[in-house]
Amino acid sequence: MRLVSPQQSGLFIVVGLLCLSTAVAQTGSTLDIGGYAKLSTLVSDSAQPGESMSDQLFVVSGIPLRDGRNYVTHDTHSHAKESRLWLRASSPTALGDAGLLIEYDWAGSASSYSPRLRHFYVRLGGALAGQTYSAFTNAAALADTHAAIAVGNIVVRQSLLRWTHNAADDSSQWMISLEEPLSRIARPGMSGMTVTNDERMPDTVVRWQSWQDWGNMTVSAMARRVAYQAAGTRDQKKWGGAVSATGVINVGTLDNVRLMFGYGNALGRYIGSTVADAYADGNDSLSLRTSYGGTLAYQHYWTDTLRSTLALGFSRADLPVTAGSGMTREARSAHANVMWSPVSHTTFILEYLYGFRSTKVGIEGELNRLQLSARINF
């Protein structure tokens, strides 16, 4: 169910522009082109040697461990890879609004400005097809931190087919979504994971969401079949699932509390880069293990133009005996920032980040990072 490869990006931009032009030609259609330019400077107390995406974005698996290796100290990086460009079109039809969204950034590679497709979907009424946030993700509940990256975030963008049904008063909605069935398998003695393409059944997500005067909340359930086949062995398939609860609670006029929590034996990649979807033993037999995590954030507006967020995140995985000693068992993060928007469309961000992870055998690592960003929306 993978939507596109990097080599197809240019083709899809052209197709998207043609679709946008067609949409604009229709009566009542709208076309918007926008995005933002963002420059970030990151100063870390330690970093992986060489070019690494973890030096440019917060990646849990990139937190240096106290394992005797020589890490870079006082590392500084500047980049504009999180800058985004999007194109959006919509048009009324007899079946409901029709729309198209294409969005790119340039965070596809650690060593270059390779374009990365974030969103590309078409929708008609309650139906949507393409690549966007999983129905298991409530983007509104993500903490307002740098690029919304925190340990415990339940956030995945992938190809999917989704149907949404709104209540008569639009105070709630149901979603059912068939999504890309990608499996990441941890093999014995290995710290990394093997990404397989052996799945034939899509991940299935059912979600209920409600909006009230006090905020919003979602409850989601997911069922998925994790598949793996090693060379010379029989095909392994295991059914598993996960549940999540997320919400935004309004505090006063502008302040809010945002929270999310996920739990399951197939939560895996939906909650972070270090949690496997399943584990293979010495005989390449597959087993599912419980993992859980979440985030809690409070956003406070000092003035109409000055706001801050304090966010805490955690995740933990129940690792089997056969898991590699370098597999991450537990991770935590803390974020504190100040965001200032002195004029319209402009935001300056100063954020402190603390990251922690611990491996299966108890080796720990920490990261302290200070980041300064300037963003101009257009």
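Residues numbered from 1 in each chain as written. Predicted model: local features only at pLDDT ≥ 70, side-chain atom pairs only at ≥ 80, totals over all residues. Heavy atoms only, no water.

Enquirer: I'd like to hear about the pairing of strand 1 (residues 30-47), residue by residue, with values.
Expert: In regular strands, side chains alternate between the two faces of the sheet. Pairing of strand 1 with strand 3 (residues 84-91) involves seven bridges; the strand directions are antiparallel. Across the sheet, residue Asp32 finds its bridge partner in strand 3, namely Arg88. Across nine bridges, strand 1 lies against strand 21 (residues 364-377) in antiparallel orientation. Directly across from Ser44, in strand 21, lies its bridge partner Arg369. (Pairing = 2+ DSSP bridges. Helix = DSSP H or I, 4+ residues; strand = E, 2+ residues; numbered from the N terminus.)

Enquirer: Can you break down the side chain of Ser54 residue by residue, with the values?
Expert: Relative to the helices and strands, Ser54 is located in the loop between strand 1 and strand 2 (72-79). There is a polar contact of 2.7 Å between the side chain of Ser54 and the side chain of Ser52. Setting aside residues no more than four positions away along its own chain, Ser54 makes contact with Gln48, Val59, Gly62 and Arg369. (Polar contact = N/O pair within 3.5 Å; in protein donor to acceptor, adjacent residues only side chain to side chain. Contact = heavy atoms within 4.5 Å.)

Enquirer: Run through the layout of surface pockets, naming residues and quoting values.
Expert: In this structure, the second largest pocket spans a volume of roughly 380 Å³. As for the second largest pocket, its lining consists of 20 residues, and the residues nearest its centre are Arg162, Thr164, Gln173, Met175 and Arg207. Those elements that provide at least two residues to the lining of the second largest pocket are strand 5 (116-124), strand 6 (127-133), strand 7 (157-166), strand 8 (172-179) and strand 11 (203-212). Counting residues per element, the lining of the second largest pocket draws most heavily on strand 6, which supplies four residues. Along the lines of polarity and charge, the residues of the lining of the second largest pocket split into eight nonpolar, nine polar and three charged. (1 Å grid on protein atoms, 1.4 Å probe; cavity = no way out; pocket = protein on both sides within 12 Å on 5 of 7 lines; lining within 4 Å. Points joined across faces, edges and corners; volume = space filled by probe spheres on them. Nonpolar A, V, L, I, M, F, W, Y, C, P; charged D, E, K, R; others polar.)

Enquirer: Explain the sheet that holds strand 16 (residues 286-287) to me, and be specific about the residues and the numbers.
Expert: Spatial ordering of the open sheet is given by 10-9-15-16, a layout of four strands whose pairing is mixed. The sheet is open, and its two borders are formed by strand 10 (194-196) and strand 16, each paired with just one other strand. Inspection of the sheet shows strand 9 (residues 183-186) paired to strand 10 by three bridges, in the antiparallel sense. Each residue of the ladder has a partner; that of Arg184, found in strand 10, is Val195.

Structural measurements only, silent on function.
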